Amino acid sequence: MFIYLSKKIAIPNSIRLKCVSWNKNQGFISCGGDEGLLKVLKLETQTDDAKLKGLAAPSNLSMNQTLEGHSGAVQVVTWNEQYQKLTTSDQNGLIIVWMLYKGSWYEEMINNRNKSVVRSMSWNADGEKICIVYEDGAVIVGSVDGNRIWGKELKGIQLAHVAWSPDSKILLFGMANGEIHIYDNQGNFIMKMTLHCLMNVTGPLSIAGIHWYAGTEGYIEPDCPCLAICYDNGRCQVMRYENDDNPVVIETGVNVASIQWNHCGSVLAIAGSLRSATGDKDLNVLNFYTPFGEHLRTLKVPGKQITAVSWEGGGLRIGLAVDSFIYFANIRPDYKWGYCSNTVVYAYTRPERMEYSVVFWDTKNNEKFVKYVKSLMSVTTCGDFCILATKADDSHPQEDADPDAGAATYVLVLCNSIGTPLDSKYIDIDPLFVTMTKTHVITASKEAFYAWQYRVAKKLTALEINQVAKTRKEGRERVYHIDDSPSGTTDGTLDFAKAFTATRDPICCITASDRTLIVGRESGTLQKYSLPNITLLQKYSLAYRAYQLSLNCNSSRLAIIDMTGVLTFFDIEPRGSSGDAEGGASAGDPSKFERKDVWDMKWANDNPDLFAMMEKTRMYVFRNLDPEEPIQTSGFICNFEDLEIKSVLLDEIMKDPERPNKDYLMNFEIRSLRDSRALIEKVGIEDASQFIEDNPHPRLWRLLAEAALQKLQLKTAEQAFVRCKDYQGIEFVKRLGNLQSEAMKQAEVAAYFSRFEEAERMYLDMDRRDLAISLRIKLGDWFRVLQLLRTGSGDSDDALQEQAYNAIGDYFADRQKWLNAVQYYLQGRNQERLAECYYMLEDYEGLERLANSLPENHKLLPDIGQMFVTVGMCEQAVSAYLRCSQPKAAVDACVHLNQWNKAVELAKNHNMKEIGPLLSKYASHLLEKNKTLEAVELYRKAHHFLDAAKLMFKIADEEAKKRTRPLRVKKLYVLAALLVENYHTQVKNSQQSKAKGKKSEATSALAGLLEEDASTSDSRIVDKAWRGAEAYHFFLLAQRQLYDGNVEASMNTALHPAVTMRI
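1. Things to note about the overall build of the protein
Here is step 1 of the chain: Per the secondary structure count, the protein includes 28 helices and 55 strands.
Here is step 2 of the chain: A separation of at least 24 residues holds for 47% of the contacts in the protein among residues at least 6 apart in sequence.
Here is step 3 of the chain: Only carbon and sulfur atoms are counted for the fraction: they give 47% of the accessible area of the protein, which is about 51,000 Å².

2. Considerations on the sheet that holds strand E40 (residues 477-481)
Here is step 1 of the chain: Ordered in space as E37-E38-E39-E40, the four strands form an open sheet in which the pairing is antiparallel. Single-partner strands in this sheet number two, and they are strand E37 (433-436) and E40. Ignoring strand direction, the axes of neighbouring strands in this sheet form an average angle of 15°.

3. Concerning unusual backbone geometry
Here is step 1 of the chain: A cis amide bond, omega 5°, links Leu531 with the succeeding residue Pro532.
Here is step 2 of the chain: Checked against the element boundaries, Pro532 lands in the loop between strand E43 (525-530) and strand E44 (535-541).
Here is step 3 of the chain: Residues other than glycine seldom take positive phi values, yet Asp767 does so here, at roughly 60°.
Here is step 4 of the chain: As for its placement among the helices and strands, Asp767 is situated in the loop between helix H9 (756-765) and helix H10 (769-779).

4. Structural notes on the sheet that holds strand E18 (residues 207-212)
Here is step 1 of the chain: Reading across the sheet, the four strands line up as E18-E19-E20-E21 and stay open at both edges, with antiparallel pairing between neighbours. Of all strands in the sheet, those with a lone pairing partner are E18 and strand E21 (248-251), marking the two edges. Geometrically, the sheet is characterised by an average inter-axis angle of 10° between neighbouring strands, direction not taken into account.
Here is step 2 of the chain: Pairing geometry for strand E20 (residues 235-239) and E21, over four bridges, is antiparallel. Residue pairing across strands places Cys236 opposite Ile250, the latter belonging to E21.

5. Some words on the pattern of salt bridges
Here is step 1 of the chain: Per the stated rule, a full pass over the model turns up 48 salt bridges.
Here is step 2 of the chain: In this structure, a network of salt bridges that share partners links the residues Glu757, Glu760, Arg776, Asp781 and Arg784.

6. So, the environment of Trp701
Here is step 1 of the chain: Here Trp701 is to be found in helix H5 (residues 698-710).
Here is step 2 of the chain: Along the chain, Trp701 and Ala688 lie 13 residues apart, while their C-alpha atoms are 9.9 Å from each other.
Here is step 3 of the chain: Aside from chain neighbours lying at most four places away, what touches Trp701 is Ser689, Ile692, Glu693, Pro696, Ala720, Arg723 and Cys724.

7. Overview of the nonpolar core
Here is step 1 of the chain: In this structure, Ile864 and Tyr973 are the most contacted members of the largest nonpolar core, which totals 90 residues.
Here is step 2 of the chain: In terms of residues, this core owes the most to one element, helix H22 (residues 945-961), which gives 10 residues.
Here is step 3 of the chain: Those residues in contact with Ile864, other than ones at most four positions away along the chain, are Ala835, Leu847, Leu850, Ala851 and Leu854.

8. Quick word on the pairing of E44
Here is step 1 of the chain: Bridge count between E43 and E44: six bridges; the pairing is antiparallel. Paired with Gln527 across the strands is Lys539, a residue of E44.
Here is step 2 of the chain: Between the antiparallel neighbours E43 and E44 lie four residues.

9. Re the confidence of the model for the protein
Here is step 1 of the chain: Within the protein, residue pLDDT values average 86, and 89% of them lie at 70 or more.
Here is step 2 of the chain: Averaged pLDDT values over the elements of the protein bottom out at 48 in helix H1 (residues 462-470) and peak at 96 in strand E19 (residues 227-231).
Here is step 3 of the chain: For the stretch residues 459-465, pLDDT sits under 50, and the model shows four contacts to residues farther than four places along the chain or on other chains.
Here is step 4 of the chain: Confidence drops under pLDDT 50 across residues 467-472; counting only partners more than four residues distant or on other chains, this segment forms 15 contacts.

10. Digging into helix H4 (residues 685-694)
Here is step 1 of the chain: For H4, the full list of buried residues reads Ile685, Ala688, Ser689 and Ile692. The buried residues of H4 all sit within an arc of 105° when viewed along its axis, so they share a single face. What points out from H4, more than 90 degrees from its buried face, is the exposed set Glu686 and Asp694.
Here is step 2 of the chain: Elements in contact with the buried residues of H4: helix H3 (671-682), H5 and helix H6 (714-723).

11. As for the side chain of Asn639
Here is step 1 of the chain: Relative to the helices and strands, Asn639 is located in strand E53 (residues 636-641).
Here is step 2 of the chain: Overall, the relative accessible area of 18% leaves Asn639 in the buried class.
Here is step 3 of the chain: Reaching out from Asn639, the side chain makes a polar contact with the side chain of Glu641 at a distance of 3.4 Å.
Here is step 4 of the chain: Each residue touching Asn639, except ones within four places of it in the same chain, is listed here: Tyr339, Lys602, Asn605, Glu644, Ile645 and Lys646.

12. Things to note about the pairing of strand E22 (residues 255-261)
Here is step 1 of the chain: The buried fraction of E22 is high, at five of seven residues.
Here is step 2 of the chain: With six bridges connecting them, E22 and strand E23 (residues 268-275) associate as antiparallel partners. Among the inter-strand pairings, Asn255 is bridged to a residue of E23, identified as Ser273.
Here is step 3 of the chain: Between E22 and E23, which pair antiparallel and follow one another directly, the connecting turn spans six residues, one of which, Gly265, has a positive phi of 70°.

13. So, the packing of helix H16 (residues 861-870) against helix H17 (residues 874-883)
Here is step 1 of the chain: It is at 8 Å that the axes of H16 and H17 come closest, and there the two elements cross at 165°. Comparing the axis directions of H16 and H17 gives the class roughly antiparallel. Helix-helix and strand crossings are classified by hand; for H16 and H17 the assignment is left-handed. Of the residues in H17, those in contact with Leu861, Pro862, Gly865, Gln866, Phe868 and Val869 of H16 are Gln876, Ala877, Ala880, Tyr881 and Arg883.

14. Here's the deal with the environment of Thr380
Here is step 1 of the chain: Of note, Thr380 is situated in strand E33 (residues 376-382).
Here is step 2 of the chain: The residues contacting Thr380, other than those within four sequence positions of it, are Phe385, Cys386, Ile387, Val434, Thr435 and Met436.

15. A few points about the environment of His984
Here is step 1 of the chain: In this structure, His984 sits in helix H23 (residues 966-995).
Here is step 2 of the chain: Spatially, the C-alpha atom of His984 lies 9.1 Å from that of Leu946, the residues being 38 residues apart in sequence.

16. A short note on the packing of H9 against H10
Here is step 1 of the chain: Two numbers describe how H9 lies on H10: the axes approach to 7 Å, and their chain directions differ by 155°. Considering their axes alone, H9 and H10 lie roughly antiparallel with respect to each other. Of the two possible hands of crossing, H9 and H10 adopt the one that is left-handed. Between H9 and H10, the contacting residues are Phe756, Glu757, Ala759, Glu760, Tyr763 and Leu764 on the first element and Arg769, Leu771, Ala772, Leu775, Arg776 and Leu779 on the second.
Here is step 2 of the chain: The residue inventory of the contact of H9 with H10, partitioned by class, reads eight nonpolar, no polar and four charged.

17. Concerning the packing of aromatic side chains
Here is step 1 of the chain: Counting across every chain of the model gives 39 aromatic pairs.
Here is step 2 of the chain: Relative to Phe328, the ring of Trp22 lies with its centre 5.5 Å away and its plane at 75°, an arrangement referred to as edge-to-face. You can see Trp22 sitting in strand E2 (residues 17-22) and its partner Phe328 sitting in strand E28 (residues 325-332), a full 306 residues away along the chain.
Here is step 3 of the chain: Overall, the relative accessible area of 3% leaves Trp22 in the buried class.
Here is step 4 of the chain: With a relative accessible area of 1%, Phe328 lands in the buried category.

18. Some words on H10
One full turn of an α-helix is made of 3.6 residues, so residues set three or four places apart face in the same direction.
Here is step 1 of the chain: Within H10 the residues assigned to the buried category are Arg769, Ala772, Ile773, Leu775 and Arg776. All buried residues of H10 project into a common sector of 160° when viewed along the axis, lining one side.
Here is step 2 of the chain: In this structure, the buried residues of H10 make contact with helix H8 (742-752), H9, helix H11 (782-790) and helix H12 (797-814).

The rules behind each value
- Residues numbered from 1 in each chain as written.
- Predicted model: local features only at pLDDT ≥ 70, side-chain atom pairs only at ≥ 80, totals over all residues.
- Heavy atoms only, no water.
- Helix = DSSP H or I, 4+ residues; strand = E, 2+ residues; numbered from the N terminus.
- Contact = heavy atoms within 4.5 Å.
- Areas by Shrake-Rupley, 256 points an atom, 1.4 Å probe, with all protein chains shown as cover.
- Pairing = 2+ DSSP bridges.
- Axes fitted to C-alpha atoms, helices over the stretch in contact; angles between N-to-C directions.
- Salt bridge = Lys/Arg side-chain N within 4 Å of Asp/Glu carboxyl O.
- Core = buried A, V, L, I, M, F, W, Y, C linked by side-chain atoms within 4.5 Å.
- Buried < 20%, exposed > 50% of the residue type's maximum accessible area, 1.4 Å probe, protein only.
- pLDDT = per-residue confidence, 0-100.
- Arc of directions from axis to C-beta.
- Polar contact = N/O pair within 3.5 Å; in protein donor to acceptor, adjacent residues only side chain to side chain.
- Parallel < 35°, antiparallel > 145°, perpendicular 65-115°, else oblique.
- Left-handed = near helix turned anticlockwise from the far one by under 90°.
- Nonpolar A, V, L, I, M, F, W, Y, C, P; charged D, E, K, R; others polar.
- Phe/Tyr/Trp six-rings, centres within 6.5 Å; stacked < 30°, edge-to-face > 60°.

Below, the structure is given as structure tokens:
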């Protein structure tokens, strides 16, 4: 991040300020000071220029109201942002609650206890409750409407601070002696807080601030520290929760006056004073830390004494109360973002998710893809790809991690421009610094760096991708300690153990180009390595510590931004040897170049002497170290190519990250491009051509070529296309030269510049409707093609009309508008797509009509048959298959749909032999699952009555052995016997059909009986089919007679041969 002072507001009569508070939601700033001073201010941007957004837009005071009511010095001001109320108190103990009415602030409630002074006030996270603590130990908790909820006197305790927990269940009370006590939200004491930051500290001390971030914008990491407690002696501890045994301890070395978290809990601001080296006066400083205690920046603030600090709601500005002034500083945050292949990649946190939401916003098509990543550390981009550095997730297996190396702790994920992971590597070193080239990813911790030569799917087959993903190729990954001097010969070492050896001079930044790697160290040393074979080539020494490095496109010059935002340059190759026409002298002297307050810079991709940089809220473009006039903007530079700078207003995007707007993407043309365009428009092509000759660039030649084309100066256009190496352009000019008509040339040029309406109009004016149609076909505008075809007639119009109808049908089908598609496919006579549309619409009558309208053996009939099969329409499927001479497919369809009767009939009609085995196979499958009755039904439907009867007799016999109800057994035997009778009838009918009336009926019957004898192995079933049913019938009759008292008749019935034989 980078910070710089941007504005200063003086308080009238030089009244000293004691407190300041910035309303995060509405933007009001309240400040209190001596003599009852209380003001409410509001800064608002006021500009007519739509391009000026964010910090770059001028801001003026839209509100400056002095609130009258306090007589003593105002010591505490706090906002209730949810209910838009301001609560203030002074040294006399007077508390006033202010409300906004018609654009002005008025007193709503007043309270004066008259016994003691208010030391601190805090609203809870939802704005429903306020806790007020007095110096004498009194605590009052009230509601937003002014009612007292509870009060308590803490005897013998001097209170100084209060803070609510994010869930409003806990209150922290800070004592005047530095102790912190934990209470519940009803005022019951829980415990004293352990203060690890005060270990071995003696002497008097007081609490400078307690701030518990409520998690309203999510957390930058799961289990992230969010409770900050700081003392006036500079000791600070940051805790995950109120009784955290392992807090982050920070030694600031500052006499702290005030602390506050930013809007998303990612940066802690600590304001205070530092004793100067001479010792005559204190120096005001504002330090910034991460929740994990890492120091980010220090801002020196003028004035005698800093008393308070408060962040703006978006985290882009911070307000400081110093003496009788409010200073404002602008923040340029370290967003996790990048730009690759017309895609802006950015990450943000949401309160409802523990992961980062990483958005891949395709600025060309205005589409976005979201990927959720846990513990994201950084986003790095190059070319078409992006690297996401994260902490390893314990719950996921590490496929490519070395089993001997133990569990890797970090992951590098290679993604394309829509967020699809292409490859990943598990590493052990902390990826604090990551840089990327077209072939390498280099990441560094403080002691070592790791190089990975990545490969992407564009160059590999699917098989090779899997191999690359699962094996560490020899030499593709290497680790080097910063104190080593690699010679490029010992390739293939991947030993993370040496990466943990400490160094006295840690790494602080890295950058790389296709052939050079530069590593910066905290002492100011720069180490230059070659790529891809990593060899230490040279060491350079700087007088300062680099914060950000960047190499130009030919790796001859290095841009360095130090910790204080000073941009300097360093030539790492002699300028004369880089092959530039200008030579070393004209490239400017880098040793004399210096710019302050620089927070971003980008080299041009196609010119080693061209770069753009951001200085406060201005963008400068430099050619040979000479600046052009600045552009007012606060955007982050995405890309600098073809004399155009693409910049993105990330501050605006982050206000609503789920809906990025194309208005937040800015394109700036540099002066030479603007001048060339102006020359072409105002002076003429010849003079512009001379200017571009003196300032050559492919983009300028292309501009000239396009202008010459517009004026049909084909010779100039061809020369310009040659200079910018545009082969298609050269071919186009040659084609234009072969045309005789000027109007035709102008129409072709209009089409070349995508002015299609104009080109079409010209073609029609020349009575060349065919060319207009051809143009629209190339563009895929088939609706317009159809309109043009209807305006005239021609030989090939019918074929073109069909093509147009089908193309429009495809257009609707692609969008799943099947009804519209059907209308056009009918007119285009496209039966294949028509069948698909009917199927998708579930219009099976239409599908049947289509099948019937097709000629026999049409290639579409099998597909239509299959469609009918999938929806269970057997008859229509069979009809379709038979019409295309595929009886086997028809039988298979019947089998699939359990229409065995139909299947057998078809098999017999077409003399197919495989129906029997298929039937047996299916019956066996049913019997294995004990579905015997289903098997009987299957055989019965297939007219295999004898097989069905055998199974039925088997069921009846089993039921008889179980001695179940006799009536049920009788019914089973009757069913079996009926199946045998069906079998007899079937044999008889088959014999009669064979005889065809030539033989007598008796002869046919005899032949049928003989066939039965020949074909039946189990004659008992056929000959005595009714024996079982008969036996159970008489058995039941005997029982009934017995129960009726007719014993003799019952005995006679029981002695019937059928019953005795059954017994």
